[in-house]
Each structure stands twice: as C-alpha cells, then as structure tokens.
Amino acid sequence: MTPSVRWRSAAAAVLLAGAALVSAAPTAEAQTVPGPDPELSKALDSVAGLAPDDTCISVAIGGSTVYRHRSDDPQTPASTQKLLTSATALDLMEPDTVFTTDVVGPEPSADGVVSGDITLVGGSDPGLVSSFYKTVQQIPDSRPSTLLDALARRLKEAGVTKIEGRVVGDESRYDSVRVGPTWPARFVTQNQSGPLSALSVDEGYLLRPNEDGELRRVRSEDPPTDAARAFQSVLEARGIEVTGEAVAGKAPAGASVLATIDSPPLTDIIGDMLVRSDNQTAEMLSKELGVVSGTGGTTAAGNRQVADWLSREDLAPTGSFVADGSGLDPANQVTCDELVGVLDASGGIDGLLGAGLPVAGKTGTLASRFGGSQAEGKLRAKTGTLNGVRSLAGFVELPDGEVATFAFIANGDQEGRDPIRAQAFLGEVLATYLPPCPDADAPPVPVVDPVAVAQMGALSAAPAAGALPGVLASIEAVDARAADLFDRCSVEADAQVVVPAS
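I will try to describe carefully the structure that is included in this document. (Residues numbered from 1 in each chain as written. Predicted model: local features only at pLDDT ≥ 70, side-chain atom pairs only at ≥ 80, totals over all residues. Heavy atoms only, no water.)

Before going further, it helps to examine the nonpolar core. A general feature of soluble globular proteins is that nonpolar side chains tend to end up buried together. Formed by 35 residues in total, the largest nonpolar core has its most connected members in L83, L84, I270, L310 and L339. Those elements that provide at least two residues to this core are β2 (55–61), α4 (81–92), α9 (266–276), α10 (279–293), α11 (299–312), α12 (336–345), β17 (389–397) and β18 (403–411). Every residue in contact with L310, bar those within four places of it in the chain, is listed here: L84, L315, A316, V322, E338 and V342. In this structure, L40, Y67, A381 and L430 belong to the second largest nonpolar core, which totals 32 residues. (Core = buried A, V, L, I, M, F, W, Y, C linked by side-chain atoms within 4.5 Å. Buried < 20%, exposed > 50% of the residue type's maximum accessible area, 1.4 Å probe, protein only. Helix = DSSP H or I, 4+ residues; strand = E, 2+ residues; numbered from the N terminus. Contact = heavy atoms within 4.5 Å.)

Okay, the pattern of salt bridges next. Under the counting rule described, the total for this entry stands at 17 salt bridges. With a closest N to O distance of 3.2 Å, D54 and R70 form a salt bridge. With D54 in the loop between α3 (38–50) and β2 and R70 in the loop between β3 (64–69) and α4, this residue pair connects regions lying 16 residues apart in the sequence. Look at D54 and you get partly exposed, because its relative accessible area is 30%. The closest approach of N and O atoms between E157 and R153, which form a salt bridge, is 3.8 Å. Of this pair, E157 and R153 both sit in helix α6 (residues 148–157), separated by four residues, roughly a single helical turn. By relative accessible area, R153 is classed as partly exposed at 36%. Taken together, the salt bridges that share partners define one network made up of D54, R70 and D73. (Salt bridge = Lys/Arg side-chain N within 4 Å of Asp/Glu carboxyl O.)

A few words now on the pairing of strand β4 (residues 100–105). Bridge count for β4 against strand β15 (residues 256–262) is six bridges, and the pairing is antiparallel. Directly across from G105, in β15, lies its bridge partner S256. Relative to strand β6 (residues 118–121), β4 runs antiparallel, the two being bridged by three bridges. Note on β6: the bridge partner recorded for V103 is L120. (Pairing = 2+ DSSP bridges.)

Right, let's talk about helix α8 (residues 223–237) for a bit. Taking 1.5 Å per residue as the helical rise, α8 with its 15 residues ought to reach 21 Å, and the 21 Å between its terminal C-alpha atoms agrees with that figure. In terms of burial, α8 is a largely internal element, eleven of the 15 residues being buried. Turning to α8, its buried residues number three or more, namely P223, P224, T225, D226, A227, A228, A230, F231, Q232, V234 and L235. After α8 finishes, the residue G239 shows a positive phi value of roughly 85°. (Expected span 1.5 Å × (residues − 1).)

Bringing the side chain of S197 into the picture now. Structurally, S197 can be placed in the loop between α7 (186–189) and β11 (205–209). At 2.6 Å, the side chain of S197 forms a polar contact with the side chain of E171. A polar atom in the side chain of S197 sits 3.0 Å from the backbone oxygen of L199. When residues no more than four places from it in sequence are discounted, the contact partners of S197 are E171, Y174, R178, P223, P224 and M284. (Polar contact = N/O pair within 3.5 Å; in protein donor to acceptor, adjacent residues only side chain to side chain.)

Here we take up the state of the cysteines. As enumerated under the stated definition, the model contains one disulfide in all. Across a sulfur-sulfur distance of 2.1 Å, C56 and C336 are joined as a disulfide pair. Classification of the bridge connecting C56 and C336 rests on its S-S torsion, roughly 75°, and on that basis the disulfide is right-handed. Of the two residues, C56 sits in strand β2 while C336 sits in helix α12, which places them 280 residues apart along the sequence. Here C56 and C336 have matching classes, each one buried. (Disulfide = S-S within 2.5 Å.)

Moving on, we get to unusual backbone geometry. Its identity as a non-glycine residue notwithstanding, R70 has a phi of 50°, on the positive side. With a relative accessible area of 17%, R70 lands in the buried category. Despite not being glycine, D202 has its phi angle at roughly 60°, a positive value. According to the relative accessible area criterion, D202 is buried, its value standing at 9%.

Attention now goes to the sheet that holds β4. In spatial order, the strands read β14-β10-β6-β4-β15; together these five strands make up an open sheet with mixed pairing. At either margin of the open sheet sits one strand with a lone partner, and together these are β14 (247–248) and β15. Two strands pair when backbone bridges link them, and β6 and strand β10 (residues 167–170) are joined in this way by four bridges, in the parallel orientation. Bridging across to β10, L120 finds its partner in G169. Strand contacts of α6: β4, β6 and β15, with the helix running at about 145° to β15, the strand carrying the most contacts. Strand contacts of α8: β4, β6, β10 and β14, with the helix running at about 140° to β10, the strand carrying the most contacts. (Axes fitted to C-alpha atoms, helices over the stretch in contact; angles between N-to-C directions.)

Together, F132, V136 and L215 line one region of the surface with nonpolar side chains, adding up to about 250 Å² of accessible area. Note on placement: V136 falls in helix α5 (residues 131–136). Assessed through its relative accessible area of 31%, V136 is described here as partly exposed. (Patch = residues over 30% accessible without salt bridge, like charges linked within 9 Å, V, L, I, M, F, W, Y side chains within 5 Å. Areas by Shrake-Rupley, 256 points an atom, 1.4 Å probe, with all protein chains shown as cover.)

With that settled, the discussion passes to the packing of α6 against α8. It is the contact of α6 with α8, at a shortest axis distance of 9 Å, that shows an interaxial angle of 55°. Considering their axes alone, α6 and α8 lie oblique with respect to each other. Seen from above, α6 lies across α8 with right-handed handedness. Each of L148, D149, L151, A152 and L155 in α6 lies in contact with α8, whose residues at this interface are A230, F231, V234 and L235. Classifying every residue of the contact of α6 with α8 gives eight nonpolar, no polar and one charged. (Parallel < 35°, antiparallel > 145°, perpendicular 65-115°, else oblique. Left-handed = near helix turned anticlockwise from the far one by under 90°. Nonpolar A, V, L, I, M, F, W, Y, C, P; charged D, E, K, R; others polar.)

As enumerated under the stated definition, the model contains one aromatic pair in all. Summarising the aromatic geometry, the rings of W183 and F187 are spaced 6.4 Å apart at their centres and angled 70° between planes, so their arrangement reads as edge-to-face. The buried category is assigned to F187, whose relative accessible area is 4%. The positively charged end of R217 is found above the aromatic ring belonging to Y205, 3.8 Å away from the centroid. (Phe/Tyr/Trp six-rings, centres within 6.5 Å; stacked < 30°, edge-to-face > 60°. Lys NZ or Arg CZ within 6 Å of the ring centre and 35° of its normal.)

Taken together, the three strands give an open sheet; going across it, the order is β5-β9-β13, and neighbouring strands pair in parallel fashion. At either margin of the open sheet sits one strand with a lone partner, and together these are β5 (113–115) and β13 (241–242). Looking at chain direction, β5 and strand β9 (residues 162–164) are connected through three bridges and run parallel. Of the residues in β9, the one forming a bridge with V114 is I163.

Given below as structure tokens:
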C-alpha cells in the first residue's frame, strides 16, 4: 500500500522542514502523549521544544484529543483564566442578561420637584460612562457602553426639574473590596484594573489636569461617591438643579424608580472583555456570579461558582484552583486540558464564547500578532501575559473545514526558549494541517513544484537559529501553491506521489 501522505499543503511541508531543525525539550518524550498522526505530533513536539520546560499544550480536533504535552499539569494561566469566568457566566446567566442602573427617590411634585434625596443604584454595569469621559478617552461606539447622560435625560423626560436633596451612590450589590484580595500591590499602581464596585462610572477613574493642562486619569478612592458626583454634574448640565452634595449610601426600601437604563447584553460585554482582556469587567462578572448564586457579591463567592461549574461539567482536574476572575492572581491554576474542555463545552468556535474571541491579525490583543501568516483570520484565541507567563487558548480553522481547539501555557522564563515564537509556530502548524486520509483510501497526489522543493532544501540547510523565521517568512510565498494540491482523498488506489521534473 502506498504510504499515506500526512500533510496536504505545501505550506505545511515547509513547516515540517523547519520543524525538524528545532530540538524538543529533553524531557518531551516522557511528557508527551502522541496523537493518531505521527507527523502532527512531530511538529507539535517542535512547538514544545521552543517553549520553556514548564509548558503545557493540548490540541483536540472534532472533540477528539490529537496531541497532549504535559496537558494535565496545573499552570498559572494569566488572562486565559477569563475563559473560565466567561463560560461560567454564559452558562449560569442568560446570554441576553443586562445590568440595570436605577435612579430611585420620592415621586416628583406636579412642577417636577423631588423633595429629598435621589439614589443612583449600581447594577454592576462595567460600561457606565459619561459622554465627557468617553470622548476624552476615545472610547469607540463599537465598544459596549451605557451613557450616564442618557440616564439623566430619562430623569428629565420623567418631569424632574429640581432635586431638593442629594445624589446618593449605592454600591451595595457587591462588597467594597476594590482589588483582588491576593493581588500583588503593584497591580494597583499599574492600573491593571480600576477599583471594583457595583457602582462604577468612567471605569472607576477621574479625569484631572496635569501641570501642562492635559487631562490624565486618576484612580477613584471612593467609586460610589464619585459616581454620584458624575451623575449630579450631568443632571445640572441638563438643567436639573441639585441642592445637596453627592455622597455614598444605600437606597431606602420601597423607593420609587424614577428612571432606569440597561447595559448592552451579557454576550456583548463578555465579547468586549475578551477582545480587550479587560480585567475589571472580569472581576465584576466574578462578583456577579456570587450574586446570582445567592451567596453574595464577593470575589470568593464568584470563585466558588466557577469552581463548582467546572466540577459539574467534569472539567476540574486535580490541582485546578480559582483565585480570581481575571487571571491577574498568580495563584490561579489551570491545565491545558481544562482550557480545551471549557472551550469545547462552550459551543466551539461559533459558540457564544468562541465568537467573542480576538481574531489573529485582526482584532483586540491579537491585532498585531500572526499578521501575514497562515493563522491570520483563522485563529481565534484568548491571550494571557504575566511576569513569567505566556498563554494562548482558542480555536483554529483547518483547511479541510474542521476546527482545532488548543491551549498553550508557558510558565517561567528560560534562556533560549521563546513562548511567543512557539505560539506563532503552533498557529502555523494548525492552520496548515490536514489529517491523514483513512487507511482504506488511496493517498492523494500532492503536486509540489520545484520552487517549493528548493525552498524546503534551503531550509534544511539553514542553521537552526534561523530556521523558524525562514519557515514563517516562506509561508506566504508557498501558500499560493497550496491551491495546486487537489482533493487529497479522491485519487485512484494506485496513485503515486509525484514531484514534477524541473
């Protein structure tokens, strides 16, 4: 029987030529579970060889695992932790869930006067912004947001002309813990997340002029009071007089709802969070999971909900640990198999989670990565970065229409090992991979022209240090010839591999 031709694109053939020059980690053989296609396993071994020793890789196609490298070892996942938070939220909450911000208080008189305080009740909308902040920060209309000014307009449309009292900010839906309880202190000064609150306007920041008169963001020390002040400002800009000073507090029981505004749906909020890797939104979602469960709006309650969901879905391996919702906490522990399981359980590449992921070379945290490569536009994934952590997990559309689900987490820095380079190679390998034909079928006849052969020969002769860049650079040129490879499993039984003469 003619040997099966494993890789069905010229681009992939060049990748294999380069891959042969990359040495796998010394312990790779003992730590790797090869899949059904030896050549794919060989290429992915080379990916592992580019990464630090403490790296896990898991790849599945059509729900079946095709490659595992240390894939059941718990690792610090960085922002790929957001996949767990998002999947849990989408499962426990309706996809069209909205977060509602209410204004409550005494009913206005016939001439529109409210005698007493009004309360701005936070409903945990992460996109609640003033139009001024949105303009200064150049927040695009495409980003899910809720204008505080629109809420003020609704209050005016309800007939309110004056408030003889204060604007009170109510954040009681969540606790008042502003950061992840075990985050490193530097995350605050680095503004890795705004202050956490169920009532947060303008991402929890104030705009203040610096010495040159330019506006800069200053972290709010009291989000509910600052939210109330912001609302008072937009009320006064619309001609609604407020006699008192803004404060934080809790809405009185039974107060009438005077105006209300809803956020965009949960699916839009999660999609935006994943594309931008927004830590603050992820942490607010985590606290919201605690509210939904009835155990309280705290990070700990949200963590328990994520962990419980993983257990119910049989996705929580030994050693898995949920420390926060965003992945900022280095104590989070996730396996690559776990991430692949979560991604597949969420509905795959076209599911609510998959549809919201950044697209290679196009959007969000992947806009500047994979450009010009075979993975551009085909790979959708969540990135993750902390000191000593580089992760990537998502989907890749394969040339035959199948979809690969993958996870890659590298922990630790190691001289001579580049996890970003390994991720680039992983994208190329998967984006050009076609599975072998069934043994019962005849192998196809790949037509590889002399230019491609020459390229492969040149790569084989190249020094190892420069092999991979050569592989990646050659992909675009070779891709034009990939179309010459006809339907790979439809030729007759006695077909032979043919290389045209030069």
